[in-house]
Amino acid sequence: MASTKATPSSAPAAAAAATATARRTGQFEVLALMFLVIIGSSWILRPVKEGIFYITVGLEHIPLARMLSFVVMIPIMMVYSKLVDWCARERLLYVVCSVYGAVFSLVGLVMHCIPTGSSAAAAAAASSSNLDTLILQSIGWVTFFAVESCASISAAMFWSFVQLTVRGTEASDKKGYVLITAAAQIGSIGGSQLATSVEHFGIPSLTAFGGLLLFGVVGITYIYARCFIHTNERTRNNNNATTEHEPSSKQRRSGGDDDKAAQTGALAGLQLVFSDWYLVGIFIVCSISEVVSIVVDFQMKMLAKDQFPAGDQFAAYMARFGVWSNCASLAVSLLLWLTGFVERMSLTTIVLAFPLLMSVVLSWCWIEPNLEAMFFALVAMKGLGYGLNNPAKQLLYRPVARHTITRVKGWIDVFGGTHACAPTHRPEFLTHSLPHSLTISIGRGAKAAGSVLTSLISGSIERLLNYGMAINLALVGVWVAFAVGVVQAYSHRLALQQMQAETISSGVDGVSTSNLSKSSPHTK
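Below or above, wherever it landed, is the structure these notes cover. This structure is a prediction, so every number in the text was calculated from the model and none was measured. (Residues numbered from 1 in each chain as written. Predicted model: local features only at pLDDT ≥ 70, side-chain atom pairs only at ≥ 80, totals over all residues. Heavy atoms only, no water.)

Between its terminal C-alpha atoms helix α12 (residues 311-339) stretches 42 Å, which fits the 42 Å expected from 29 residues at 1.5 Å a residue. The positive-phi residue at the C-terminal boundary of α12 is glycine 340, with phi of around 65°. (Helix = DSSP H or I, 4+ residues; strand = E, 2+ residues; numbered from the N terminus. Expected span 1.5 Å × (residues − 1).)

Right, here's the structure in full:
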């Protein structure tokens, strides 16, 4: 019986493999901590931003702020794109997190020094000079745009960093991504819960604390780079084993050929969307849900303004909304996953379930136009949209060719706000379908459209509620009509593709049989 002897190099190789596995485990744990702090900071600053804007500018200007954010994001993302070209890997996180951390810390410090009231009018009355009033109003606008841009950039930057630095097996990567996603959910709920104590800590203190958390991300990134990135590079240099798939430093900064292709083909994706009625239907289905959500969000805030006249009270209320919406998103996702609803139901049921449920909720809000109804309506929209509507919309891309998906899906998703509720990741297809400066700035498109609508009907609270709900129900009707048409087109296209596949398969089998019979030695 032959005996197997271990080679001299097998023991060191096994030890190296075990060390690499342990290192990857720790690697994902540090990344999960990093993302938890990023998302936690974002969800602390979101309700605080609402309170600051309430105090310094006024809630009635929120539609204008959202419209302007669509424009302001373009130069911000152009600067960010240049940073992507100049900075490699962890240095980009150092620069971006340090800049935003300094901005929020400075905002908190200035608000500590300048007296503010409970609202914009009270702040103007409490200010000792016109200069103080101008500074406070500037702080309100700057904070709004800074929080909006930081929330979008930080998540995209983090997942780009993960893709550049993680080189594990498929099984370990899946396990690690689950850990990171769970950490993101904990961060979103924990950050919102901490922000509910804004009346105790104060808006300036929580704003500065959100900035300090971003400086904490810089520290975690430094530890990660020292423990995993630099260690792995030294190991590769010692072994002279540079892998083929490891990008060079120039490719890391520039993004390689994919970014060049994305930059030259970005508008081609938009042209593809409007050249196919099926893709136009998906585009409308994705966009209407975000527009309806923006209208209900503004209605809820204007009702909350009367019930919570102080800025810190309003910020605490929005923080409680963040806790409820994040918990609802997590609960709906877990419920649908455990029950297998998406797998067992037909596509028609899945796609139509969300708008039909929203029509019931909106009708209830129209009958009972109070703050509690608006609150739970928006929580239901966020939870069902994240857990049910997003998976349904992903299924609609099955009949679309793969090369078309990589071009059009970025435009549809970022304009329609498909990932607006999810604190998880920037999808990989966005890396190939849109340049960085367009991917996030266009994501404000549907929000800007909803803000234009709210600005047209925001003369009074009665006008906002009555006209807003009527328009929302009309939009849901259009949404349902397009959803039915898209599902019918989906079934038709899949049937055609199946027929074509069967025809091609039968043709190939016939040709193969004919060639086999001709080549057989028994054939005369």
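Note that soluble globular proteins tend to have their nonpolar side chains buried in a common cluster. Tyr278, Ile282, Met300, Tyr317 and Met374 are the most contacted members of the largest nonpolar core, which totals 63 residues. Secondary-structure elements contributing two or more residues to this core are α1 (10-56), α2 (62-86), α5 (130-165), α11 (277-307), α12, α14 (347-367), α15 (371-395) and α20 (461-519). A total of 13 residues in this core trace back to one element, the largest contributor, which is α11. Apart from residues no more than four positions distant in its own chain, tyrosine 317 is found in contact with Met300, Ala304, Phe308, Leu371 and Phe375. (Core = buried A, V, L, I, M, F, W, Y, C linked by side-chain atoms within 4.5 Å. Buried < 20%, exposed > 50% of the residue type's maximum accessible area, 1.4 Å probe, protein only. Contact = heavy atoms within 4.5 Å.)

Turning our attention to the environment of serine 287. Looking at the element boundaries, serine 287 is found in helix α11. Only 2.9 Å separates the side chain of serine 287 from the backbone oxygen of phenylalanine 283, close enough to count as a polar contact. (Polar contact = N/O pair within 3.5 Å; in protein donor to acceptor, adjacent residues only side chain to side chain.)

With their axes 10 Å apart at the nearest point, α2 and helix α3 (residues 90-113) run at an angle of 145° to one another. The chirality of how α2 crosses α3 is right-handed. On α3, the residues touching Ile76, Tyr80, Leu83 and Val84 of α2 are Leu92, Val95, Val96 and Tyr100. (Axes fitted to C-alpha atoms, helices over the stretch in contact; angles between N-to-C directions. Left-handed = near helix turned anticlockwise from the far one by under 90°.)

This brings us to the packing of aromatic side chains. The final tally for this structure, using the stated rule, is 16 aromatic pairs. Judged by centre distance (5.3 Å) and plane angle (85°), the rings of phenylalanine 53 and tryptophan 141 are edge-to-face. Pair noted here: phenylalanine 53 is in helix α1 and tryptophan 141 is in helix α5, with a separation of 88 residues, a long-range link. For phenylalanine 53, a relative accessible area of 0% puts it in the buried group. Of the residues examined, tryptophan 141 reaches a relative accessible area of 22% and is grouped as partly exposed. Their ring planes at 45° and their centres at 5.1 Å tell us that tyrosine 224 and phenylalanine 228 sit as a pair that is tilted. Taken together, the residues span about one helical turn, with tyrosine 224 and phenylalanine 228 both in helix α8 (residues 203-239) at a distance of four residues. Phenylalanine 228 matches tyrosine 224 in its accessibility class, with the two residues each being buried. (Phe/Tyr/Trp six-rings, centres within 6.5 Å; stacked < 30°, edge-to-face > 60°.)

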